[in-house]
Amino acid sequence: NDQPDSVRLQTTENCIAFGKAMTSLAKGTDEDGNEIMGGTLDDDFIREGSGILVKRILPLIVSTIDDRSWRVRWTAASKFAEVVKSFADLPDAMDSLVPAYEKLLQDPEAEVRTAATFNLADVAKCKAKVHLPPRVRGLDGPDTFSPQTTDDNELVSVAERLVQRVTNLTEDDSENVRAALAMVATELAPILGKDATIHHLVPPVLLLLRDATSEVRLNIISSLSALNEVIGVDLLSQSLLPAIIDLAQDGKWRIRLAIIQHIPLLAKQLGKDFFSEKLSSLCVTWLGDDISSIRQAAATNLKELTAVFGSEFAINFLLPSIADIRQHNSYLRRLTAVRACALMATEMEPQTARTELLPMVLEMANDAVSNKTHCY
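What counts as what
- Residues numbered from 1 in each chain as written.
- Predicted model: local features only at pLDDT ≥ 70, side-chain atom pairs only at ≥ 80, totals over all residues.
- Heavy atoms only, no water.
- Helix = DSSP H or I, 4+ residues; strand = E, 2+ residues; numbered from the N terminus.
- Buried < 20%, exposed > 50% of the residue type's maximum accessible area, 1.4 Å probe, protein only.
- Contact = heavy atoms within 4.5 Å.
- pLDDT = per-residue confidence, 0-100.
- Phe/Tyr/Trp six-rings, centres within 6.5 Å; stacked < 30°, edge-to-face > 60°.
- Core = buried A, V, L, I, M, F, W, Y, C linked by side-chain atoms within 4.5 Å.
- Axes fitted to C-alpha atoms, helices over the stretch in contact; angles between N-to-C directions.
- Left-handed = near helix turned anticlockwise from the far one by under 90°.
- Nonpolar A, V, L, I, M, F, W, Y, C, P; charged D, E, K, R; others polar.

**Structural notes on the overall build of the protein chain**
The helix and strand inventory of the protein chain stands at 25 helices and two strands. The buried share of the protein chain, taken over its 376 residues, is 51%. The contacts of the protein chain with a sequence gap of at least 6 include a subset with a gap of at least 24, amounting to 69%.

Set out below in structure tokens:
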């Protein structure tokens, strides 16, 4: 700590390189997988060498967690996934590194916590087993890892230990930390498995869906595919609906554009029945947005929904509302309706498009505004 910041900033990177070299020696290969020194080293050498590494090198990494300079701590936080990967195969290393990482998640500086949070999923992928942190009996509910349900000395995966930190991060004062969490939290689901995901990850995800900041809600909705692969989104559907509606009406047009672009994926995840009942009318409403980019994206969105759910869905749930727009006072709205019909026709069977869309387009071709007449 007596060295200048510029020197201490290199500590994490140097320790990563040293850890990679020691792991390669233990495996008897170089970083490219080529055999060295006659192959794998004997167990005694590995234990002795890794023991030295853990005792001498790891404390240098851990010391960066308490460094007086937030930049040094930020560097450690932003590279911590690399640190874990470099040391994961060495005995007992994770028992030092995981608590250090948890400390970064609670750092006084929001920038450090944000950088650490971005690494959450990658750190959780480590296959090493670690001990659970000390607990105060009675503070945890029955659905969490606690002395009431597990042995204090029981070994669990890194993901099982870190998932306990997710709920605290949803309550972080910094919206940047919560936004970072929303981007990576669902990536824990494939690592945890179905049961642990339902018990330990779904509750904080629900909290993120109700976050006061629109970027946080958008990030969690954008990252639901990983969760969907493990448990589906049925458990989240009722919480998804108000979040989507809020984002659809957000004052920032880029937020509205982003949620429109995620609608086709959400449609696949939520299913035809739920989407038809709850969200189909909202998708047509975007055709009347004041921002041109939103209206164009809305028209493209209707085309993609037609591709996802088929012509019958479009005829029953989209076309009636589009037909109403034909009478709108604003020619821009009417113009957008023509564009939507033209795009949707490309995803319909030719006969269906001729029967259902062509009459509507031909009627709008008689519009008094020439721009609409030439659009199709």
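Moving on from the model shown.
**Some details on the confidence of the model for the protein chain**
Summing up the model confidence of the protein chain, the mean pLDDT is 83 and the portion of residues at 70 or higher is 82%. Within the model, the stretch residues 136–150 combines pLDDT values under 50 with 23 contacts to residues more than four positions away or in other chains. Residue range residues 372–376 is modelled with pLDDT below 50. Its contacts to residues more than four positions away, or to other chains, number 14 contacts.

**Some words on the packing of aromatic side chains**
Tallied over the full model, the rule gives five aromatic pairs. Between phenylalanine 275 and phenylalanine 313 the ring centres are 6.4 Å apart and the planes differ by 55 degrees, which places this aromatic pair in the tilted class. On the criterion of sequence distance, the pair formed by phenylalanine 275 in helix α19 (residues 272–278) and phenylalanine 313 in helix α22 (residues 311–325) is long-range, its members being 38 residues apart. Here phenylalanine 275 and phenylalanine 313 have matching classes, each one buried. Consider the rings of phenylalanine 309 and phenylalanine 313, whose centres lie 4.9 Å apart with planes at 65 degrees: the pair is edge-to-face. Here phenylalanine 309 falls in the buried class, since its relative accessible area comes to 13%. Aromatic rings pair up to connect Phe275, Phe309, Phe313 and Phe317 into one cluster.

**Details of the nonpolar core**
Across soluble globular proteins, you tend to see nonpolar side chains buried next to one another. Ranked by size, the top nonpolar core spans 113 residues in total, and within it Phe80, Phe87, Met94, Ile221, Trp286, Leu302 and Ile322 carry the most contacts. Leave out the neighbours within four places in its chain, and isoleucine 221 touches Leu209, Leu240, Ala243, Ile244, Leu247, Ile259 and Leu266.

**Observations concerning the packing of helix α14 (residues 194–209) against helix α16 (residues 224–231)**
Packing of α14 against α16 leaves a shortest axis separation of 10 Å and a crossing angle of 145 degrees. Our pair here, α14 against α16, has a crossing hand that is left-handed. Taking contact as the criterion, the partners of Lys194, Thr197, Ile198, Leu201, Val202 and Val205 in α14 are, on α16, Leu227, Val230 and Ile231. Here the residues of the contact of α14 with α16 sort into seven nonpolar, one polar and one charged.

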